[in-house]
Amino acid sequence: MTAPRLNISFALLVASVFISMSAPATAQLEGLTTAKPTAEPLATLGPFDEWVASVAFSPDGSLIATGTFDELQISKLGSAQPMQTVKHKLGRVRSLAFSPDGTKLFAGGFRRIVIVNTATWNVEKELSGHHAYVTGLSVSADGKLLATSSEDASLRVWSLSDGTSRVLYQEKEDPITGVAFSPDGRLVAMASGDDTRPTRPGHVRLLNVLSGDVVHEFVKHDRAATGVAFSPDGKLVASTSLDEKVKLHSVETGKLVREYDGHSRPTNAVRFLPSGKHVVSVSGGRAVGKNEIQIWEAATGETVTSIESHKEPIFDVAISQDGSQLASASRDGTAKVWKTESLLGSAGGTNSVVAGVGNLAALAKSLIEKSGTESKTTPEAANKDANTENAAAAEPQKKIIRIGMIGLDTSHCLAFTKLLNDPKAADDIAGFRMVAVYPKGSPDIESSTTRVPGYTEEMKKLGVLIVDDLDELVGQVDAILLETNDGRPHLEQIVPALKAGLPVFVDKPIAGSVTDAVAMFELGRHYKTPLFCSSSLRFSDGPQALRAGSIGKILGCSTYSPCSLEKTHPDLFWYGIHGVEMLFTVMGTGCESVTRASSKDFELAMGTWNDGRIGTFRGIRSGKSGYGGTAFGEKGIAPVGQYDGYRPLVVEIVKFFKTREVPVSEAETLEIYAFMEAADESKRQGGAPVTLESVMKKAKAEAAEKVKAILARK
């Protein structure tokens, strides 16, 4: 018990003596390199109403542009108010770049790039070609070409003389997250990776601008890569990643030169200072760690300066052309500007005295923490702990089951949260609380991208924590609602939750294909973790009464519902699922084949069951059709009923979270989605009958390969 106290005392004594001895030196070196510099920003822009997602300096360094949601603001350095605001329907402005001569400002948003004339601040041209968010922009040094990266997995090069473009590189599936021209304009560096798929690595590639050939495939990041930058001499490429690292790669050899691990959160953007001697990288995301700007030496990887000035993740960093100023953009709604000289000092090097203080302080902290874990409890503390335990035993508290949500782009998110977090919730829902959400939506479905920002703010008002990482989410909760409106990323998004043993409700559609749906259930079996999927229509009173036998054995059924189509999904998956789910709730399993008919405004899918019964679904693509149908039973005919709201589904979800017993079987869920995929195949075959067995055979073979690949990842 004595030794730990001596360790603490010794560490504190040494640290205090060393710091006091160094005080004159640190006073003289104020504004140079410290572990936590005292340099204040030269200017703070904002707060804006929205996240500041991008920032750029004009070539002469007199202006700074910031991108938020549907808006650009241009400010003169030293002015508290923006000199110009440019509004355009871009969604979140993810990337900004000035032309080398400063006459144009390029802004990338959802599916488009706008070119702003800096003399008039009018949008003079719009470039369309990408099918999702534009994540990065880079203008060649001669001002003739523009390279753009996108979440649609493509990298395009545009001719600025006529606005035409060509796809220079197409990823198989991962979004391309960053792009940069080499100083001589002959090469392009690109970063790629999917932040919704934490098991996948991040790629950094070097491409020939003319041919699109891959010159180098650099050493992979452990997780999605987020950005790239060339050194001023074109000899190095720096890349950032969700793995919290910054890597430096040799352009000549393609080898890894250095790895910087000074950040404690995912790294989001990187730039070199004009001298090429120093690298600036920014981080943020996940609740553990810091939102930092780090300046470090390219040659050694030694940290020069660390700035913690933003309250939330830092998305972007910009360096003025002369290197005199640095700017950062953050989710906290601000952009900040610093004088680089004040952060580096006149010599621009590290200071061993100050670094030593920082290291000794860290050592002291480490010793204190270690001592705290090794020390024994005193009798007084033991009595206090015992009293606390006795009091807790006398007044037991009901455990709250913490729920986490993945995706924030459907009305279900707010509706479910309001029901779960209602302090006056009835007993069938009470005891549960939505505590955290990972808000990622679809990269290329506009109804998703337009919803996420607003829903994020609404969830904050409801007291829900917004997190930037799936692993962070699953570490804080007891169960998961997978709500991403886009079914395609569900397979990868569900993996961290299943591995953690958390029961998962997957909202419709369960996936973007039957293959992925089969794989999800296979992974659930592998990790011994239950999941289920359902439309809210299943648990309305009408279908449930019919399933329970209100008109005897069901002889047939016809249902209808809205059926808007989404090109990224099989036709009926997107919205027809509601009517199809009602059909199977009433009819049960056993469908053998499907035939499909289509017209301008309607979809008709007719299923034949193995006992000769027939069930039909009519999808209505125009007008407000509502939900319903007619069931035919041994004891009569009855309406299927209407939509009864979200509450009946939420009751079933929380019951599942308590018991881990699924209310809808895997077999029925897979049959529903096989029915819809068979209907698509029938349409392709001109209305010919397609068996569900043929759909499932193909899906199971493909799913086995996907599961094998996922389990093979570390």
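Residues numbered from 1 in each chain as written. Predicted model: local features only at pLDDT ≥ 70, side-chain atom pairs only at ≥ 80, totals over all residues. Heavy atoms only, no water.

(A) Molecular detail of the overall build of the protein chain. A count of helical and extended segments in the protein chain gives 16 helices and 40 strands. For the protein chain, the proportion of contacts with a sequence separation of at least 24, taken over those separated by at least 6, is 59%. In the structure as shown, the protein chain presents an accessible area of about 30,200 Å², 52% of it carried by carbon and sulfur atoms. (Helix = DSSP H or I, 4+ residues; strand = E, 2+ residues; numbered from the N terminus. Contact = heavy atoms within 4.5 Å. Areas by Shrake-Rupley, 256 points an atom, 1.4 Å probe, with all protein chains shown as cover.)

(B) Representation of the sheet that holds strand S33 (residues 531–533) in the model. With parallel pairing, the 6 strands of this open sheet are ordered in space as S30-S29-S28-S31-S32-S33. The open sheet is flanked by strand S30 (465–466) and S33, the only strands paired with a single partner. Examined bridge by bridge, strand S28 (residues 401–406) and strand S31 (residues 479–482) share 4 bridges and lie parallel to one another. Bridge pairing links Ile-403 to Ala-479 in S31. (Pairing = 2+ DSSP bridges.)

(C) Spotlight on the environment of Lys-336. Topologically, Lys-336 is positioned in strand S27 (residues 335–339). Using a relative accessible area of 12% as the deciding quantity, one classes Lys-336 as buried. Between the C-alpha atoms of Lys-336 and Leu-326, which are 10 residues apart in sequence, the distance is 8.2 Å. Setting aside residues no more than four positions away along its own chain, Lys-336 makes contact with Pro-41, Ala-43, Thr-44, Ser-309, His-310, Leu-326, Ala-327 and Ser-328. (Buried < 20%, exposed > 50% of the residue type's maximum accessible area, 1.4 Å probe, protein only.)

(D) Structural view of the sheet that holds strand S1 (residues 43–45). As summarised here, the arrangement of the 4 strands in space is S1-S27-S26-S25, forming an open sheet in which the pairing is antiparallel. The strands lining the two open edges of the sheet, one partner per strand, are S1 and strand S25 (314–319). The mean angle between the axes of side-by-side strands here comes to 20°, regardless of whether they run parallel or antiparallel. One ladder, built from 5 bridges, connects S25 with strand S26 (residues 325–330); its direction is antiparallel. Looking at S26, one finds that Ala-318 is bridged to Ala-327. (Axes fitted to C-alpha atoms, helices over the stretch in contact; angles between N-to-C directions.)

(E) Highlighting helix H16 (residues 692–712). The terminal C-alpha atoms of H16, which comprises 21 residues, lie 30 Å apart, in line with the 30 Å expected from a rise of 1.5 Å per residue. Leu-692, Val-695, Met-696, Ala-699, Ala-703, Val-707 and Ile-710 are the residues of H16 that are buried. Along H16, the residues classed as buried sweep out an arc of 85° about the axis, all on the same side. Residues of H16 that are exposed and point more than 90 degrees away from the buried face comprise Lys-697, Lys-698, Glu-705, Lys-708 and Ala-712. (Expected span 1.5 Å × (residues − 1). Arc of directions from axis to C-beta.)

(F) Spotlight on the nonpolar core. In terms of nonpolar packing, the biggest core is built from 69 residues, with Ile-480, Val-504, Val-506, Ile-510, Tyr-673, Phe-675 and Met-676 touching the most fellow members. The greatest single-element share of this core, amounting to 8 residues, is contributed by helix H15 (residues 666–684). For Tyr-673, the residues in contact, after removing those within four places along its chain, are Lys-508, Pro-509, Ile-510, Val-514, Cys-533, Phe-573 and Ile-577. Formed by 30 residues, the second largest nonpolar core is a distinct cluster that contains Phe-416, Val-464, Ala-479 and Val-664. (Core = buried A, V, L, I, M, F, W, Y, C linked by side-chain atoms within 4.5 Å.)

(G) Focus on the side chain of Arg-596. Position of Arg-596 among the secondary structure elements: in strand S35 (residues 591–598). Residue Arg-596 is classed as buried on the basis of its relative accessible area of 5%. A polar side-chain atom of Arg-596 sits 3.4 Å from a polar atom in the side chain of Ser-598. Among all residues touching Arg-596, those that are not within four sequence positions of it are Asp-571, Glu-603, Leu-604, Ala-679, Asp-680, Ser-682, Lys-683 and Gly-687. (Polar contact = N/O pair within 3.5 Å; in protein donor to acceptor, adjacent residues only side chain to side chain.)

(H) Quick peek at the packing of aromatic side chains. Scanning the entire structure with this criterion turns up 12 aromatic pairs. On the numbers, 5.2 Å between centres and 65° between planes, the contact of Phe-110 with Tyr-133 is edge-to-face. Taken together, the residues span a long stretch of sequence, with Phe-110 in strand S8 (residues 110–117) and Tyr-133 in strand S9 (residues 122–139) at a distance of 23 residues. Here Phe-110 and Tyr-133 have matching classes, each one buried. The lysine or arginine in question, Arg-92, covers the ring of Trp-51, its NZ or CZ lying 4.0 Å from the ring centre. Here Arg-94 stacks its cationic end above the ring of Tyr-133, 5.3 Å away from the centre of that ring. (Phe/Tyr/Trp six-rings, centres within 6.5 Å; stacked < 30°, edge-to-face > 60°. Lys NZ or Arg CZ within 6 Å of the ring centre and 35° of its normal.)

(I) Region of the structure containing unusual backbone geometry. Cis geometry marks the peptide bond from Gly-46 to Pro-47, where omega comes out at 10°. Tracing the backbone through its elements, the reader meets Pro-47 in the loop between S1 and strand S2 (54–57). Residue Pro-509 is reached from Lys-508 by a cis peptide bond, and omega for that bond is -10°. Mapped onto the fold, Pro-509 is located in the loop between strand S32 (504–506) and helix H10 (514–526). In this model, Glu-244 sits at a positive phi of 75°, which is unusual for a non-glycine residue. Position of Glu-244 among the secondary structure elements: in the loop between strand S18 (236–241) and strand S19 (246–250).

(J) Representation of the packing of H15 against H16. Running from N to C, H15 and H16 point in directions that differ by 105°, and their axes come no closer than 9 Å. For the element pair H15 / H16, the angle class is roughly perpendicular. Judged by residue contacts, Leu-670, Glu-671, Ala-674, Phe-675, Glu-677 and Ala-678 of H15 engage Leu-692, Val-695 and Met-696 from H16. Residue classes in the contact of H15 with H16 are distributed as 7 nonpolar, no polar and 2 charged. (Parallel < 35°, antiparallel > 145°, perpendicular 65-115°, else oblique. Nonpolar A, V, L, I, M, F, W, Y, C, P; charged D, E, K, R; others polar.)

(K) The pairing of strand S16 (residues 214–217), seen in detail. Note that strand S15 (residues 203–208) and S16 share 3 bridges and pair antiparallel. Looking at S16, one finds that Leu-206 is bridged to His-216.

(L) Summary view of the environment of Ser-534. With respect to the element layout, Ser-534 can be found in the loop between S33 and helix H11 (541–547). Of the residues examined, Ser-534 reaches a relative accessible area of 0% and is grouped as buried. For Ser-534 and Val-506, which are 28 residues apart along the polypeptide, the C-alpha to C-alpha distance reads 7.5 Å.

(M) Representation of the packing of H10 against H15. Where H10 contacts H15, the axes come no closer than 9 Å and their chain directions differ by 165°. The orientation of H10 relative to H15 falls into the category roughly antiparallel. Once H10 is placed against H15, the crossing between them reads as left-handed. In this structure, H10 uses Val-514, Ala-517, Val-518, Phe-521 and Arg-525 to contact H15, whose residues at the interface are Glu-666, Thr-669, Leu-670, Tyr-673, Ala-674 and Glu-677. Split by residue class, the contact of H10 with H15 holds 7 nonpolar, 1 polar and 3 charged. (Left-handed = near helix turned anticlockwise from the far one by under 90°.)

(N) A look at the pairing of strand S22 (residues 278–283). S22 sits mainly inside the fold: 6 of its 6 residues count as buried. Residues His-278, Val-280 and Val-282 of S22 are buried on one face, and the alternating residues Val-279, Ser-281 and Ser-283, pointing to the opposite face, are buried as well. Relative to S22, strand S21 (residues 267–272) runs antiparallel, the two being bridged by 5 bridges. In the sheet register, Thr-267 faces S22, and the bridge partner there is Ser-283. Taken together, S21 and the strand that follows it, S22, pair antiparallel across an intervening segment of 5 residues, in which Gly-276 is found at a positive phi of about 80°. As judged from the 5 bridges shared by S22 and strand S23 (residues 293–297), these two strands associate in the antiparallel manner. If you follow Val-279 over to S23, its bridge partner there is Trp-296.

Structural measurements only, silent on function.
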